[in-house]
Amino acid sequence: MELRTLRYFVAVAEELHFGRAATRLHMSQPPLSRAIKQLEAEVGALLFARSATGVTLTAVGAVLLEEARALLEHADRVRVRVSTAAGAATITVGILGDGTDPTVARLAAAYRRNHPGVDIRIRDTDLTDPTCGLRAGLVDVALTRAPFDETALTVYALRTDPVGVVLRADDPLAGRDELRLAELCERRWFQFPQGTDPIWQSYWNGGRPREGPVVRAVQECLQAVLWNGTVGLAPLGHDLPAEFTVVPLIDMTPSRVVAVCNEKDTNPLTRSFIEIATAAYRH
């Protein structure tokens, strides 16, 4: 059994859906299905009971899942120990967003448990680069938000968050239960500096050109709202000072929390980070 095929199997077993597993693995469904059928042929038994709504593990599949997880975990430990012996036991993680997100703390704890000898370096970045320095080679992996230009990158979806508009508490719209983007068309919005990824800028502008003050960091966004009555978007669920409020936008595409690495990255520490992040955000 190849490790790659076992990783395919674990993805299907955890998602219990070939389509979702294929999306998670960044591959199309037909080759994934073929790989699982070949694995079943090697095992000599069905691993999944298939139906129109998805799949369930058979008794044999449940046994293989337990063993496959242990084997893959061991394989990752082997790679990390080899990397450590070669003096390469360092990973730099770029982080964009709310550092108070409890899932980030859970991810950090899980990664430390799995890699106690690894030097984990954190690069906290502002809002001007959604890849957190990945393209510039400043980080190995980024924990950030999409959308942005994904050329030559591999993006793993971790969670989606609904988005709201940040307003001053005394704003005429602050008492609303919900808003639509069209109701904000005459307002000033904060902008990112020239040269910022246009896909990223367009998303946080609600999909159309806007006018407003240029900001680089979350605190600058809040100050623009406080001092100028500027509006901007933010994921729901973030704690804000009492002078601000966030009203849900019912026609805004949710914000995707993602882990990102370079397309050709073969560092086992990076792959392990992606796998641990996926598990941390699933629970």
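All values reported here derive from a predicted model rather than from experimental measurement.

Quick notes on the rules
- Residues numbered from 1 in each chain as written.
- Predicted model: local features only at pLDDT ≥ 70, side-chain atom pairs only at ≥ 80, totals over all residues.
- Heavy atoms only, no water.
- Pairing = 2+ DSSP bridges.
- Helix = DSSP H or I, 4+ residues; strand = E, 2+ residues; numbered from the N terminus.
- Axes fitted to C-alpha atoms, helices over the stretch in contact; angles between N-to-C directions.
- Contact = heavy atoms within 4.5 Å.
- Salt bridge = Lys/Arg side-chain N within 4 Å of Asp/Glu carboxyl O.
- Buried < 20%, exposed > 50% of the residue type's maximum accessible area, 1.4 Å probe, protein only.
- Parallel < 35°, antiparallel > 145°, perpendicular 65-115°, else oblique.
- Left-handed = near helix turned anticlockwise from the far one by under 90°.
- Core = buried A, V, L, I, M, F, W, Y, C linked by side-chain atoms within 4.5 Å.
- Patch = residues over 30% accessible without salt bridge, like charges linked within 9 Å, V, L, I, M, F, W, Y side chains within 5 Å.
- Areas by Shrake-Rupley, 256 points an atom, 1.4 Å probe, with all protein chains shown as cover.

Before going further, it helps to spend a moment on the sheet that holds strand β9 (residues 244-248). Sheet architecture is open: three strands sit in the order β8-β7-β9, paired in antiparallel fashion. Each edge of the open sheet is held by one strand with a lone partner, namely β8 (232-235) and β9. The mean angle between the axes of side-by-side strands here comes to 45°, regardless of whether they run parallel or antiparallel. Along the sheet, helix α7 (residues 218-228) contacts β7 (163-168) and β9; its crossing angle with β7, the most-contacted strand, is approximately 45°.

Now for the pattern of salt bridges. With the rule as written, the count across this model stands at 14 salt bridges. In this structure, Glu14 and Arg69 form a salt bridge, with 3.1 Å as the shortest nitrogen-oxygen distance. Here Glu14, found in helix α1 (residues 3-15), pairs with Arg69, found in helix α4 (residues 59-85); they are 55 residues apart in sequence, far enough to count as distant. A relative accessible area of 41% means that Arg69 is categorised as partly exposed. For Arg121, the salt bridge is made with Asp119, and the minimal N-O distance between the two is 2.9 Å. On the basis of relative accessible area, Asp119 is assigned to the partly exposed category, the value being 36%. Connected through shared salt-bridge partners, Glu14, Arg69 and Arg282 make up one network.

What follows concerns the packing of helix α5 (residues 102-114) against helix α8 (residues 268-282). Their axes nearest at 9 Å, the elements α5 and α8 cross at an angle of 135°. Overall, the two elements α5 and α8 adopt an arrangement that is oblique. By crossing handedness, the relation of α5 to α8 is classed as right-handed. Across the interface between the two elements, Thr103, Val104, Arg106, Leu107, Ala110, Tyr111 and Asn114 from α5 touch Leu269, Ser272, Phe273, Ile276, Ala277, Ala280 and Tyr281 from α8.

Grouped together as the largest cluster of nonpolar side chains are 33 residues, with contacts concentrated most on Val165, Leu179, Leu233, Leu249 and Val260. At the level of elements, β5 (141-146), β6 (153-161), β7, α6 (198-204), α7 and β10 (255-262) are the ones that each hand at least two residues to this core. When residues no more than four places from it in sequence are discounted, the contact partners of Val260 are Leu134, Asp140, Val141, Ala142, Thr144, Phe148, Leu153, Thr154 and Val155.

Take the pairing of strand β1 (residues 48-51) next. For β1 and strand β2 (residues 54-57), the ladder comprises four bridges, and the chain directions are antiparallel. The residue of β2 that forms the bridge with Ala49 is Thr56. Hairpin remark: β1 followed by β2, antiparallel, with two residues in the connecting loop.

Inspection of the secondary structure puts Thr5 in helix α1. Filtering out sequence-adjacent residues up to four positions away, Thr5 remains in contact with Ala35 and Leu39.

The subject of this paragraph is a nonpolar patch on the surface. A grouping of Met1, Val43 and Val60 is seen on the molecular surface, where their side chains present a nonpolar patch of about 240 Å² in accessible area. Here Met1 shows up in the segment before α1.

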